[in-house]
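Structural description and commentary
Read off the chains here:
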Amino acid sequence: MPRTTTSATPPPAVLPAVPDSSSWEQVATREVSKALLYFPPWLIGLLLFGLGAAFHFTLTSDDPQTIAWTTALIITCVLVLTALTWRQSHARSLTGRAHTTLTTLAGGLWVCAATIDGPATTVTGRLILIGGVAFALSFNIRTVIRAKQIDVNGAMADPLAFLFGRGADKAGMPAVQARTIQATAHKVTGEVQLAEGRQIADDLQKKVPYVESGIGLPPGSITTAIDPDDASKASVTISDPRVMKHPIAWPGPSRIGASIAAPIRPGLWQDLDEVEYIIVGHHVQIMGKTGAGKSIGGAWNVLAEVVTRRDVAVFAIDITKGEQTLGPLKAALHRLETTRDGARALLGEMYAGIKPRTDLLASKGLQKWVEGCGLTYWVLWLEEFPDIYDALTDKQQEQFLSLIKAIRSAGGTVVLSLQRSDWTQMPTIARGQLAKMCFGVDSAADATFGLSEAQEDAGCRPELWSNKQPGMAYLDAPSIPEDRITMPMRTYAWGITAAGEFDDEQANAQMRAHAAAFPAIHKQIDAMTAALSRLAATALADPAPLPALDTAEAGGDGEDDDEEVRNVAAEYLATDDPDPEVSAGIDDEITDFPEGEPPLTFAPPEPKMTPEERGAALMARLHELWDDGARDVGTGDFKVLWETTDISRSWFQKQMKRLCEAGVIGAYDDDRQRYLMEHRPELP
């Protein structure tokens, strides 16, 4: 049977899409723009030919002397332009720099020859035709290579100029030129020349994330620093932040038996150079959220180095976690307090010991502690500092703040470790005395309390780590170079197994073994340190005198330093007799005052305010400020309270925090450090 077919509706014809006129215009514009990139060398060739012709024909009627000095002037200009070209192209590869410079020199010399002999003679005509075409084509070839991003020779000749130049141009800073100073397997360091009069290093720091994006580098690859000698320059380092993502095992102490005045090594910078940090002469704040590594990474690595030094003693307090953090180090510590009473006692004794130490240094003609001065350096480590500070009475808090200000010149460093250094956790006067070591934090707002102003301005972002990369930190402290304070570091990890995993028990065992190898009880220390340490078998040192110090000049009596140190406690416990003419024996009768003389009177004891009276005084001051028109207040507005009553700053700060939480006053503005008042404060 014949096959039957069914009729079907044919599919609609598919018509080719016809671009509209605007699309054609865009295509034409793009192609014309590409073509124009190759046109400048040819245009310059025509300009040179016209310039040579103009000089030649305007000088044909002149005398030989005019031609001579005009030619000399042209040659001078050519040499100046050639030198300028070489200098301004310093950020290019050597090949590109030489190419541009030689082109300038050749073009200038041809104009000089054409001025004398004419632009179209046998020699000059063939030179401009053959040489000019060759030079123009060579520039076109370089343009093609750059467009295809295959300037490998340029990258090899100056990797920083190649990488940074591309990124800066895409980030909107085309005038920036970079030059490599050093290139190693882990980093490239160099110098960046900014647009003079239009850009400064701060502008570059703000653009760094965009430069990284333009190059295609991981965030945090580029760190910059201000050039202290030239505001139009900056130093720059490119490294790979991904090398910091994995723990780095602790390699052991760096300088066993050295002085505490020598650098310690708590970790590695992002470019894998060792951190060299001198802890002497200042105080340190270590901040980071739980799990970010401030205790194991910060405390363990710093103290593991410190306890190996010959002329330092460590005193530590942790009343929050007891011996959990510092317990493994106990054998190497001269004193560890884990109770409130113990913390108060240690701080009180240390405060009382400052003046004898400064007096002894003064007797030696010294304004501060130096290596070999005869005193053991003190490191006071306060773990979870806010709990320690809250455990102190008002008077003890004032003594602690005085200790912070005075112990540095007496030969001591205080390290305060905490999670968030805001005004409720850290006294403002203390925070201003501290260097900054900031581990991962929860937010950018928290980061402002852990970073220095220079680190904030440079765009350091510890909130990116949080507690996902324990041990990552920024460090801004004396002895840290300017170009390092914005570079991330990673502290060493303890307890890393052969498989590269962290083991808590192994970490504790490793630290206990290290502390046992450097026991505090075997270290030679001075008498005042021995009394403070309470170690039964502590040895006393024979402190060596300073080489250039003469005992007679220092006010000494010629006795050796050993005897001087042993008798220092008796020297400073003795007091002068206020009235040597009055003498009496222990069994002498106490006589009455002669008749007619008024009896001695004593000032009455300073009245002690009740908590209710303090609260009433605080509210009265708030009302007074509100009624005077204040809508935000700062700590200074309440100075009258601690000048005329027994209210302390610390009590005031605690109460203001409670009033904020209760809604009696508004929130606290961290940026301005002011309390906001949206309504007249009234207790509920």
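None of these values were measured; they are calculated from a predicted model.

So, how was this worked out
Residues numbered from 1 in each chain as written. Predicted model: local features only at pLDDT ≥ 70, side-chain atom pairs only at ≥ 80, totals over all residues. Heavy atoms only, no water. Helix = DSSP H or I, 4+ residues; strand = E, 2+ residues; numbered from the N terminus. Buried < 20%, exposed > 50% of the residue type's maximum accessible area, 1.4 Å probe, protein only. Contact = heavy atoms within 4.5 Å. Areas by Shrake-Rupley, 256 points an atom, 1.4 Å probe, with all protein chains shown as cover. Patch = residues over 30% accessible without salt bridge, like charges linked within 9 Å, V, L, I, M, F, W, Y side chains within 5 Å. Salt bridge = Lys/Arg side-chain N within 4 Å of Asp/Glu carboxyl O. Lys, Arg positive; Asp, Glu negative; His and termini not counted. Charge placed at Lys NZ, Arg CZ, Asp CG, Glu CD. Pairing = 2+ DSSP bridges. Phe/Tyr/Trp six-rings, centres within 6.5 Å; stacked < 30°, edge-to-face > 60°. Lys NZ or Arg CZ within 6 Å of the ring centre and 35° of its normal. Axes fitted to C-alpha atoms, helices over the stretch in contact; angles between N-to-C directions. Left-handed = near helix turned anticlockwise from the far one by under 90°. Nonpolar A, V, L, I, M, F, W, Y, C, P; charged D, E, K, R; others polar. 1 Å grid on protein atoms, 1.4 Å probe; cavity = no way out; pocket = protein on both sides within 12 Å on 5 of 7 lines; lining within 4 Å. Points joined across faces, edges and corners; volume = space filled by probe spheres on them. Expected span 1.5 Å × (residues − 1). Core = buried A, V, L, I, M, F, W, Y, C linked by side-chain atoms within 4.5 Å. pLDDT = per-residue confidence, 0-100.

Examining the overall build of the protein
Of the regular secondary structure elements, the protein holds 23 helices and 18 strands. When the 684 residues of the protein are sorted by exposure, 43% land in the buried category. Here the analysis covers contacts within the protein between residues at least 6 apart in sequence; of these, 65% occur between residues at least 24 apart. In the form shown here, the protein has an accessible surface area of approximately 36,900 Å², with 57% of it arising from carbon and sulfur atoms.

A short note on a negative patch on the surface
There is a patch of like negative charges on the surface, built from Asp202, Glu453, Glu456, Asp457 and Asp671. With three residues, helix H16 (residues 453–457) is the single largest residue contributor to the negative patch.

Points about the pairing of strand E2 (residues 187–193)
Across a regular strand the side chains alternate sides, sitting on one face of the sheet and then on the other. Counting buried positions over the seven residues of E2 gives seven, a clear majority of the element. Side chains Lys187, Thr189, Glu191 and Gln193 of E2 all project onto a buried face; the interleaved residues Val188, Gly190 and Val192 project onto the opposite face, where all are buried too. Strand direction decides the pairing type here: strand E1 (residues 177–183) and E2, joined by six bridges, are antiparallel. Across the sheet, residue Arg179 finds its bridge partner in E2, namely Glu191.

Here's the deal with the pattern of salt bridges
By the definition in use, this model includes 26 salt bridges. For Arg309, the salt bridge goes to Glu305, with nearest N and O atoms at 3.4 Å. The salt bridge involving Arg621 is made with Glu624; its shortest N-O contact spans 3.2 Å. Here the residue Arg621 and the residue Glu624 both occupy positions in helix H21 (residues 611–627), the gap between them amounting to three residues, near one helical turn. According to the relative accessible area criterion, Glu624 is partly exposed, its value standing at 41%. What you see here is one network of salt bridges that share partners, running through Asp271, Asp273 and Arg484.

Concerning the sheet that holds strand E16 (residues 632–633)
The strand order across the open sheet built from three strands is E16-E18-E17, with neighbouring strands paired in antiparallel fashion. Among the strands making up the open sheet, the edge pair consists of E16 and strand E17 (668–669). Relative to strand E18 (residues 674–676), E16 is paired through two bridges, and the arrangement is antiparallel. Residue pairing for E18: Asp632 is matched across the bridge by Leu676.

Concerning unusual backbone geometry
Despite not being glycine, Leu272 shows a phi value in the positive range, around 75°. Even without being glycine, Ser479 reaches a positive phi, approximately 85°. Within the secondary structure, Ser479 is located in the loop between strand E12 (472–476) and strand E13 (489–491).

A word on the packing of aromatic side chains
Aromatic rings in a pair are described by how distant their centres are and how their planes are angled relative to each other. Following the criterion strictly, the structure yields 13 aromatic pairs and no others. Their ring planes at 40° and their centres at 4.4 Å tell us that Trp423 and Tyr668 sit as a pair that is tilted. Remark: Tyr668 occurs in strand E17 and Trp423 occurs in the loop between strand E10 (412–418) and helix H14 (428–431); sequence separation between them is 245 residues. There is no split in this pair, since Trp423 and Tyr668 are both buried. Among the aromatic residues, ring-to-ring pairing joins Trp423, Phe638, Phe652, Tyr668 and Tyr675 into one connected group. Above the face of the Trp626 ring, Arg631 is positioned so that its terminal group lies 3.5 Å from the ring centre.

With respect to the packing of helix H11 (residues 354–363) against helix H13 (residues 394–411)
In the contact formed by H11 and H13, the axes pass within 9 Å of each other and the chain directions differ by 35°. Between H11 and H13 lies a crossing of left-handed hand. Along the contact surface, H11 presents Ile354, Arg357, Thr358 and Leu361, while H13 presents Leu403, Ala406, Ile407, Ser409, Ala410 and Gly411. Taken together, the residues of the contact of H11 with H13 break down into six nonpolar, three polar and one charged.

A closer look at the sheet that holds strand E4 (residues 233–239)
Taken in spatial order, the four strands of this open sheet run E1-E2-E4-E3, and their pairing is antiparallel. At either end of the open sheet lies a strand with only one pairing partner, and these are E1 and strand E3 (222–226). Within the sheet, the average angular offset between the axes of one strand and its neighbour, ignoring direction, is 25°. Seen against the sheet, helix H8 (residues 201–215) touches E2, E3 and E4 and runs at an angle of roughly 165° to E3.

Quick word on empty space enclosed by the protein
This structure, assessed with the given rule, holds one cavity of 30 Å³ or more. In this model, the largest cavity occupies a volume close to 30 Å³. Along its surface, the largest cavity is lined by Tyr277, Ile279, Val284, Ile286, Val302, Trp381 and Val415. Looking at the lining of the largest cavity, its residues break down into seven nonpolar, no polar and no charged.

Comments concerning the pairing of E4
Across the seven residues of E4, five count as buried, placing the element largely inside the fold. With seven bridges connecting them, E2 and E4 associate as antiparallel partners. In the sheet register, Val192 faces E4, and the bridge partner there is Ala234. Note that E3 and E4 share five bridges and pair antiparallel. Bridging from a neighbouring strand, Ile222 pairs with Ile238 of E4. Hairpin remark: E3 followed by E4, antiparallel, with six residues in the connecting loop.

What to know about H21
With 17 residues, H21 should reach 24 Å at 1.5 Å per residue; the first-to-last C-alpha distance of 24 Å fits that figure. Taken together, the buried positions of H21 are occupied by Arg614, Ala617, Leu618, Met619, Arg621, Leu622, His623, Leu625 and Trp626. Turning to H21, the residues buried within the fold contact E16, helix H22 (639–644) and helix H23 (649–662).

A few points about the environment of Leu346
By the element assignment, Leu346 lies in helix H10 (residues 340–352). A relative accessible area of 0% places Leu346 in the buried class. Separated by 34 residues in sequence, Leu346 and Leu380 place their C-alpha atoms 9.8 Å apart. Not counting chain neighbours up to four residues away, the residues in contact with Leu346 comprise Phe315, Ala316, Ile317, Arg335, Glu337, Leu380 and Leu532.

Some details on the nonpolar core
Tyr277, Trp381 and Leu475 are the most contacted members of the largest nonpolar core, which has 64 residues in total. Membership of the second largest hydrophobic core comes to 30 residues, among which are Tyr389, Leu403, Ile407 and Ala410.

Side note on the confidence of the model for the protein
Of the residues in the protein, 77% have a pLDDT of 70 or more, and the chain-wide mean is 78. Contacts from residues 149–156, a stretch scored under 50 in pLDDT, to residues over four places away or in other chains number nine contacts. Contacts for the low-pLDDT stretch residues 597–605, under 50 throughout, to residues beyond four places or in other chains number one contact.

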